[in-house]
Amino acid sequence: MKEISIYGDNYFGSYTKTREASRGIVLKGGMILTAHAARGDVWMIPGGGIEKGETSEDAVVREVQEETGYIVCPVREFLTISEYYEGARYDSHYFLCEIVGEGETALTEAERTAGLEAVWENADQLTERFSRHADFAASDEEKRGMYLREWTAMQALFDGE
């Protein structure tokens, strides 16, 4: 498994906060399952925070279902990205997953307000979209960092296959 670190320009040089997350990449015929927030036109790999007592595998299953409605089985963890911003470290565990069923979404209020929905996106188009992360450097640091993280994960996945 590959491990990559990303350091934001605003990193303080040390951190006191750590957040662990799991993210699931689901491929189907050249398409990738995404979570798209209509408000702000933000695209992301489905996933989120690991809850207390939960494994990274359990978290990716829960998060993908909550955000997309699909029930997945993690096939393999292929990457951990550690991001450093201000005084925090954010670890994202990326899993290649396969769909094993369908269930109900369980969106948070913030996700509903953002218009989050599951969208199958062409893998090449999604990679190209994430590759433009630097376009957001002056206007939206959170989106820039998220797109850099997702682009890095896509590169690791496709370079490793």
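All figures in this text were calculated on a predicted structure; none of them were measured in a lab.

Going through the model one piece at a time under the given rule, you end up with 11 salt bridges. With a shortest N-O distance of 2.9 Å, Arg 89 and Asp 91 are connected by a salt bridge. Three or more residues joined by partner-sharing salt bridges are found here, namely Glu 51, Glu 54, Arg 62, Glu 63 and Glu 66.

Of note in this structure, Asp 41 is not a glycine but carries a positive phi near 45°. A positive phi angle, close to 45°, is found at Glu 86, a residue other than glycine. Here Glu 86 is to be found in the loop between strand 6 (70-85) and strand 7 (88-102). On the basis of relative accessibility, which here comes to 44%, the residue Glu 86 falls in the partly exposed class.

Let us now look at the pairing of strand 3 (residues 31-37). Side-chain direction in a regular strand flips from residue to residue, so the side chains alternate between the two faces of the sheet. Strand 3 sits mainly inside the fold: six of its seven residues count as buried. For strand 2 (residues 17-28) and strand 3, the ladder comprises two bridges, and the chain directions are antiparallel. Across the sheet, Leu 27 pairs through a bridge with Ile 32, a residue of strand 3. Hairpin geometry of strand 2 and strand 3 is characterised by an intervening segment of two residues between the two adjacent antiparallel strands and by a positive phi of about 55° at Gly 29. Sheet topology note: the strand 3/strand 4 (residues 42-44) ladder contains three bridges and is antiparallel. Within strand 4, the position partnered with Ala 37 by the bridge is Val 42.

To continue, consider helix 3 (residues 123-131). Those residues of helix 3 that sit buried are Ala 123, Leu 126, Thr 127, Arg 129 and Phe 130. On an axial view of helix 3, the arc spanned by its buried residues comes to 160°, and they lie on one face. Between the side-chain oxygen at the start of helix 3 and the backbone nitrogen of Asp 124 there is a gap of 2.9 Å, and the oxygen is on Asn 122.

The next point concerns the nonpolar core. A general feature of soluble globular proteins is that nonpolar side chains tend to end up buried together. Ranked by internal contacts, the top residues of the largest apolar core, which has 30 residues, are Ile 25, Ile 45, Phe 78 and Tyr 94. Sorting the residues of this core by element identifies strand 3, strand 4, strand 6, strand 7, strand 8 (116-122), helix 3 and helix 4 (141-160) as the ones contributing at least two each. When residues in this core are grouped by element, the largest group, seven residues, is from helix 4. If sequence neighbours within four positions are ignored, Tyr 94 has contacts with Arg 23, Ile 25, Ile 45, Arg 76, Glu 77, Phe 78, Leu 79, Ile 81, Arg 149, Glu 150 and Ala 153. Of all hydrophobic cores here, the second largest spans eight residues; its members include Val 26, Leu 33, Val 60 and Cys 97.

Here is what the cut-offs are and how they apply
- Residues numbered from 1 in each chain as written.
- Predicted model: local features only at pLDDT ≥ 70, side-chain atom pairs only at ≥ 80, totals over all residues.
- Heavy atoms only, no water.
- Salt bridge = Lys/Arg side-chain N within 4 Å of Asp/Glu carboxyl O.
- Helix = DSSP H or I, 4+ residues; strand = E, 2+ residues; numbered from the N terminus.
- Buried < 20%, exposed > 50% of the residue type's maximum accessible area, 1.4 Å probe, protein only.
- Pairing = 2+ DSSP bridges.
- Arc of directions from axis to C-beta.
- Polar contact = N/O pair within 3.5 Å; in protein donor to acceptor, adjacent residues only side chain to side chain.
- Core = buried A, V, L, I, M, F, W, Y, C linked by side-chain atoms within 4.5 Å.
- Contact = heavy atoms within 4.5 Å.

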